[in-house]
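Observations on chain architecture
Chain by chain, the residues run as shown.
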Protein chains: 2
Amino acid sequence: MTYCVGLLLSEGMVLLSDTRTNAGLDNISTYRKMFFFEEPGERVICVLTAGSLSVTQTTLARLRDAIASPDASEATSILRAPTMLKVAHIIGDTLAQVRREIDEKLTAMEQGATASMIVAGQRRGGEMRLFLIYPEGNFIEATEDTPFLQIGEHKYGKPILDRVMKRSTSLTDGQKAVLLSMDSTLRSNLSVGMPLDLCVIEKDACRVTMKRRIESGDESFRAMSEAWSRALRDGFTQIKL
Amino acid sequence: MTYCVGLLLSEGMVLLSDTRTNAGLDNISTYRKMFFFEEPGERVICVLTAGSLSVTQTTLARLRDAIASPDASEATSILRAPTMLKVAHIIGDTLAQVRREIDEKLTAMEQGATASMIVAGQRRGGEMRLFLIYPEGNFIEATEDTPFLQIGEHKYGKPILDRVMKRSTSLTDGQKAVLLSMDSTLRSNLSVGMPLDLCVIEKDACRVTMKRRIESGDESFRAMSEAWSRALRDGFTQIKL
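Since we're looking at a predicted model, the values are computed, not measured.

On to the overall build of chain A, then. Within chain A one finds 5 helices and 12 strands. Its C-alpha atoms give chain A a radius of gyration of 18 Å, within 12% of the compact-globule value 18 Å for 241 residues. Counting every position in chain A, which comprises 241 residues, the buried fraction comes to 53%. Summing over all exposed atoms, chain A offers an accessible surface of approximately 10,500 Å²; the carbon and sulfur share of this is 47%. Within chain A, the 31 negative side-chain charges are centred at a point lying 3 Å from the centre of the 30 positive side-chain charges.

If you want it as structure tokens, here you go:
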């Protein structure tokens, strides 16, 4: 499985993904699930993926092919699409098409392949947008009321986000919140694993302003995780029944 | 949906269930999901239920019928079964049988009915036992390493239990932990709802030593929930990225 989360805050967007991929419990690998499509200053798009690796890799390969193609147009290339809404449509249609093709191959085995994505981005002159794209290609968008979107194993890490996330949360607090949300998920679910990919896209920068890979031995992440455990245990101790 | 949790601690067992039942989102009702079978001082059994109401109600009705029947025996009545293991077998077999019967009725509609249960109990001279019974009738048991079992919407409330629960946790802290675990679930998932049923079965008492229904306006639960929110927010604020 996977856990990916994206925040749409007043000051920018924060995105976090794990890297664990597994085919059964005895075949575990590390694959990046965070991908960038960028023309710095003009347009930035970040895609987070969850689900069948064959579906997500093929979808991303087709998106890249469409960008590189001599026929690349506003209708096919996410680097030329006139709006982020159109970007979400292109990615959604590509994902749905790939999923259908792979699903057909798998029906003989009575298995299915599925995947979902988070797409965050901004083009110069446009607004920041954050979308969750479903396996069928349709999508929803983060709003003022719901500043975060999650894919994959989302339940363990939702309570902390429900309690602290607002649109007005700072980018620093946003990074803390997604890392703590991931920390809870890592502890409760083996199928989500380090290393992590974290990035920040500041408002109107139209480029990735911060990118960080957090390896399993990362000292600052470990310290944060321990401080959070301590805070939870102290809070728990102080509460009266 | 549902959220039920049971703890097996050194000093006794703590059980908590919500009461929300829904058939679709537009048909929500309140049904008790915690049931007692008791001969105080001799034997206590507490059953928590999750899943299709038609399955769980029919299963409980059959368990009661078997107890009241003139043919009640060690093999059929959970109040006569010689061990808690046998109790789990009787409940598991009854649940699996009812589920199969109801499933058959529903196949015409291409729907299925399923349910799972937590069974906690002790008989005089025996050990406290805590089981999770699956829809197929097989079961697992809480152990030293894993002192809690959950059914229904278990993911939201698992991180707090993973962090604070040990076999040696006191009954008071156990009650706090299950209530905070439920609080996180209530906040993140609409299909779990108040009122709550909480009970404690102290070790070797062989009876329910504390029973409490927590209504939605309950002042002490609200205070605890707010104190926990405050502790989480304070902890979050103090942590450094």
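This brings us to the side chain of Thr185 of chain A. All names here are of chain A. Relative to the helices and strands, Thr185 resides in helix α4 (residues 171-188). For Thr185, a relative accessible area of 0% gives the class buried. The contacts of Thr185, once residues within four sequence positions are left out, are Tyr3, Glu153, Tyr156, Gly157 and Val192.

All right, on to the interface of chain A and chain B then. Each partner contributes to the interface: chain A provides 33 residues, whereas chain B provides 35 residues. Carbon and sulfur atoms make up 69% of the area that chain A and chain B hide from each other, which totals about 3,200 Å². Looking only at chain A, the three residues that lose the most surface to chain B are Arg163, Phe236 and Leu241 of chain A, adding up to 29% of its buried area. Connecting chain A to chain B are 4 salt bridges.

Once turned by 180 degrees and shifted 0.0 Å along the axis, chain A lies on chain B with an RMSD of 0.0 Å. What the superposition gives is, in effect, a two-fold axis relating one chain to the other. Relative to the rotation axis, the C-alpha of Tyr156 of chain A is the closest in chain A, positioned 2.4 Å from it. Interface residue correspondence from chain A to chain B reaches 100%, placing this contact among same-surface, isologous pairings.

So, about the packing of aromatic side chains. Evaluation of the coordinates by the stated rule reveals 2 aromatic pairs over all chains. Note on Phe131 of chain A and Phe139 of chain A: the rings are 5.3 Å apart at their centroids and 75 degrees apart in plane angle, and the pair reads as edge-to-face. Given a relative accessible area of 0%, Phe131 of chain A falls into the buried group. Here Phe139 of chain A falls in the partly exposed class, since its relative accessible area comes to 22%. The positively charged end of Lys176 of chain A is found above the aromatic ring belonging to Phe236 of chain B, 4.7 Å away from the centroid.

Residues and elements named next belong to chain B. Counted at 1.5 Å a residue, the expected span for helix α1 (residues 53-68) with its 16 residues is 22 Å, and the 22 Å between its end C-alpha atoms agrees. When α1 is considered as a whole, its buried residues turn out to be Val55, Thr56, Thr59, Leu60, Leu63 and Ala66. Buried residues in α1, looked at end-on, bunch into an arc of 125 degrees, giving them a common side. Turned more than 90 degrees away from the buried face of α1, the exposed residues are Asp65 and Ala68. In this structure, the buried residues of α1 make contact with β5 (34-39), β6 (43-51), α2 (84-107) and β7 (115-123).

Residues and elements named next belong to chain A. Within the open sheet, the 5 strands sit side by side as β10-β1-β2-β11-β12. Their pairing is antiparallel. On the outer flanks of this sheet lie β10 (148-152) and β12 (210-214), each paired with one strand and no other. For this sheet, the mean inter-axis angle between neighbouring strands, taken without regard to orientation, is 10 degrees. Here α4 sits on the sheet in contact with β1 (3-9), β2 (12-17), β11 (196-202) and β12, set at roughly 20 degrees to β2.

Attention now goes to the pattern of salt bridges. Under the counting rule described, the total for this entry stands at 32 salt bridges over all chains. Across the salt bridge formed by Asp162 of chain A and Lys158 of chain A, the nearest N and O atoms sit 3.1 Å from each other. A residue pair is termed a helical-turn pair when its members lie 3 or 4 positions apart in one helix, as Asp162 of chain A and Lys158 of chain A do in helix α3 (residues 158-164) at 4 residues. By relative accessible area, which is 30% here, Asp162 of chain A ends up partly exposed. The residue Arg222 of chain B makes a salt bridge to Glu219 of chain B at a minimum N-O spacing of 2.4 Å. Placement of both Arg222 of chain B and Glu219 of chain B in helix α5 (residues 219-238) is noted, with a separation of 3 residues, approximately one turn of the helix. Through salt bridges with shared partners, a single ionic network connects Arg32, Asp197 and Arg213 of chain A.

This part covers the sheet that holds strand β6 (residues 43-51) of chain A. All names here are of chain A. A sheet is described by the order of its strands in space; here 5 strands give the open sequence β5-β6-β7-β8-β9, paired in antiparallel fashion. Each edge of the open sheet carries a strand with a single partner, namely β5 (34-39) and β9 (139-141). Strand after strand, the sheet turns through a mean of 20 degrees between neighbouring axes, direction not considered. Bridge count between β5 and β6: 6 bridges; the pairing is antiparallel. If you follow Phe35 over to β6, its bridge partner there is Val47.

Attention now moves to unusual backbone geometry. The omega angle of the peptide bond from Met194 of chain A to Pro195 of chain A is -5 degrees, so this bond is cis rather than trans. Locating Pro195 of chain A in the fold gives a position in the loop between α4 and β11. In this structure, Cys206 of chain A takes a positive phi of about 55 degrees despite not being glycine. Position of Cys206 of chain A among the secondary structure elements: in the loop between β11 and β12. Relative accessible area serves as the criterion here: at 2%, Cys206 of chain A is assigned to the buried category. Positive phi outside glycine occurs at Asp204 of chain B, with the angle close to 65 degrees. Tracing the backbone shows Asp204 of chain B in the loop between β11 (196-202) and β12 (210-214).

What counts as what
- Residues numbered from 1 in each chain as written.
- Chains lettered and ligands numbered in written order.
- Predicted model: local features only at pLDDT ≥ 70, side-chain atom pairs only at ≥ 80, totals over all residues.
- Heavy atoms only, no water.
- Helix = DSSP H or I, 4+ residues; strand = E, 2+ residues; numbered from the N terminus.
- Rg over C-alpha atoms; globule rule 2.2 N^0.38 Å.
- Buried < 20%, exposed > 50% of the residue type's maximum accessible area, 1.4 Å probe, protein only.
- Areas by Shrake-Rupley, 256 points an atom, 1.4 Å probe, with all protein chains shown as cover.
- Lys, Arg positive; Asp, Glu negative; His and termini not counted.
- Charge placed at Lys NZ, Arg CZ, Asp CG, Glu CD.
- Contact = heavy atoms within 4.5 Å.
- Buried area = accessible area lost by both parts, 1.4 Å probe.
- Salt bridge = Lys/Arg side-chain N within 4 Å of Asp/Glu carboxyl O.
- Least-squares fit on C-alpha atoms with pLDDT ≥ 70 in both.
- Phe/Tyr/Trp six-rings, centres within 6.5 Å; stacked < 30°, edge-to-face > 60°.
- Lys NZ or Arg CZ within 6 Å of the ring centre and 35° of its normal.
- Expected span 1.5 Å × (residues − 1).
- Arc of directions from axis to C-beta.
- Pairing = 2+ DSSP bridges.
- Axes fitted to C-alpha atoms, helices over the stretch in contact; angles between N-to-C directions.

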